[in-house]
Amino acid sequence: MHLTTAQSSAIVAAIYLGFCLIELIRTRLFTKDEQSRHDGIIEIVSTFMLLIVTQPAILLVVGALGHRFFPHYEGALANAPFLAALVLFLVFEDMMQYWWHRASHSFAWLYNLHRAHHNARYMSVRLVYRNNIIYYAMMPSIWFAGVLVYLGLGWFYAGYLVVKMAVIIGAHSDVAWDAPLYRIKALSPIMWVVERTISTPATHHAHHGRHADDPAVNYKGNFGNLLFFWDVLFGTAKITRHYPASYGVENLPPATLGQQLLWPIFPENKDMGARIPGAVPTASAPGPAATA
């Protein structure tokens, strides 16, 4: 039985709301340490734009271009076996997102498009869709996913999104589901495989860590989204089973609201001492490590 788009969306929403509820109870979902007035605005706007505007628009554009120039390929892979569909999505969607994410930390202009995701000084499910609006519009993996859907793999994409988003939502949450499992000696061999296969809170939190001298931080690596295996394969993995002491961006000027949402339409702030209304955190102390 294949999931419909509506069923897939409902399941992802339920997973997201479930993690929101856990954070609300355990780690103050709406009042994170070092939160600024801009953070909530950025998260609401970027999430709305991706889910309501950008992603549907890309699927529509890909479909329109396909009908115009490649009508005979529509649905060509509709009868592809499950394993073939899985490989195609892992390579052209998840691996492509790994390389796009990695490039975003390698080129300054791309990092300006991605910085909003790292500007938050906390971890939370709130960060899952937090990014520059243009960053998502340019993301190759979304366009490749649109092509695969046009080719007839929409039936697979619906279920694939549920699994991928469950992993990504769990990896961003500040309630670390993996922490108690590391303490169970009998599960050590299983967790060794898990943390090298999918993104976990420990490996993904390392990517969001603020200070390079923190042993648990690896913000120039751990780029994987669904599969952490890409980091293992391409040499960017760091596995410590620990969590950073603080999160965010170090040694860069504060970013304006416009810069985070719509750079380069809004220019980059390069003044280290700038006082930007709304960008100042409500608390000055470093945020706590993830809660087990």
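Enquirer: Would you mind going over the nonpolar core with me for this structure?
Expert: One recurring pattern in soluble globular proteins is that nonpolar side chains are buried together. Counting residues in each nonpolar core, the largest one holds 25 residues, and the members touching the most others are V125, V128, Y129, Y136, M165 and I169. Going through the elements one at a time, α1 (5–26), α2 (37–69), α3 (82–104), α4 (108–119), α5 (133–138) and α6 (140–172) are the ones with two or more residues in this core. Considering every element that reaches this core, the biggest residue donor is α6, with six residues. Not counting the four nearest positions on each side in its chain, M165 is found in contact with V12, V128 and Y129. The next biggest cluster of nonpolar side chains, apart from the first, holds 17 residues, and it includes Y98, A145, L153 and W230.

Enquirer: Looking at this model, I keep getting lost on a nonpolar patch on the surface. Mind explaining?
Expert: Taken together, the side chains of V61, L65, F69, F70, Y73 and W143 make up a nonpolar region of the molecular surface, amounting to roughly 580 Å² of accessible area. Looking at the element boundaries, Y73 is found in the loop between α2 and α3. Overall, Y73 belongs to the partly exposed group, its relative accessible area being 42%.

Enquirer: Whenever I open this one, the confidence of the model for the protein confuses me. Can you help?
Expert: Interpreting fine coordinate detail is not advised for predicted regions of low pLDDT. Across the protein, the average pLDDT comes to 94, with 96% of residues at 70 or higher. Here residues 285–289 is modelled with pLDDT under 50, and outside its nearest four sequence neighbours on either side it reaches 13 contacts, counting other chains as well.

Enquirer: When you look at the packing of aromatic side chains in this model, what are you seeing that I'm missing?
Expert: Two aromatic rings are characterised by how far apart their centres lie and by the angle between their planes. Taken as a whole and judged by the stated rule, the model has 18 aromatic pairs. A ring pair is formed by F89 and Y160, whose centres lie 5.1 Å apart and whose planes are at 40°; its orientation type is tilted. Of this pair, F89 sits in helix α3 while Y160 sits in helix α6, and the two are 71 residues apart along the sequence. Accessibility expressed as a relative area gives 0% for F89, which makes it buried.

Definitions and limits used
- Residues numbered from 1 in each chain as written.
- Predicted model: local features only at pLDDT ≥ 70, side-chain atom pairs only at ≥ 80, totals over all residues.
- Heavy atoms only, no water.
- Core = buried A, V, L, I, M, F, W, Y, C linked by side-chain atoms within 4.5 Å.
- Buried < 20%, exposed > 50% of the residue type's maximum accessible area, 1.4 Å probe, protein only.
- Helix = DSSP H or I, 4+ residues; strand = E, 2+ residues; numbered from the N terminus.
- Contact = heavy atoms within 4.5 Å.
- Patch = residues over 30% accessible without salt bridge, like charges linked within 9 Å, V, L, I, M, F, W, Y side chains within 5 Å.
- Areas by Shrake-Rupley, 256 points an atom, 1.4 Å probe, with all protein chains shown as cover.
- Salt bridge = Lys/Arg side-chain N within 4 Å of Asp/Glu carboxyl O.
- pLDDT = per-residue confidence, 0-100.
- Phe/Tyr/Trp six-rings, centres within 6.5 Å; stacked < 30°, edge-to-face > 60°.

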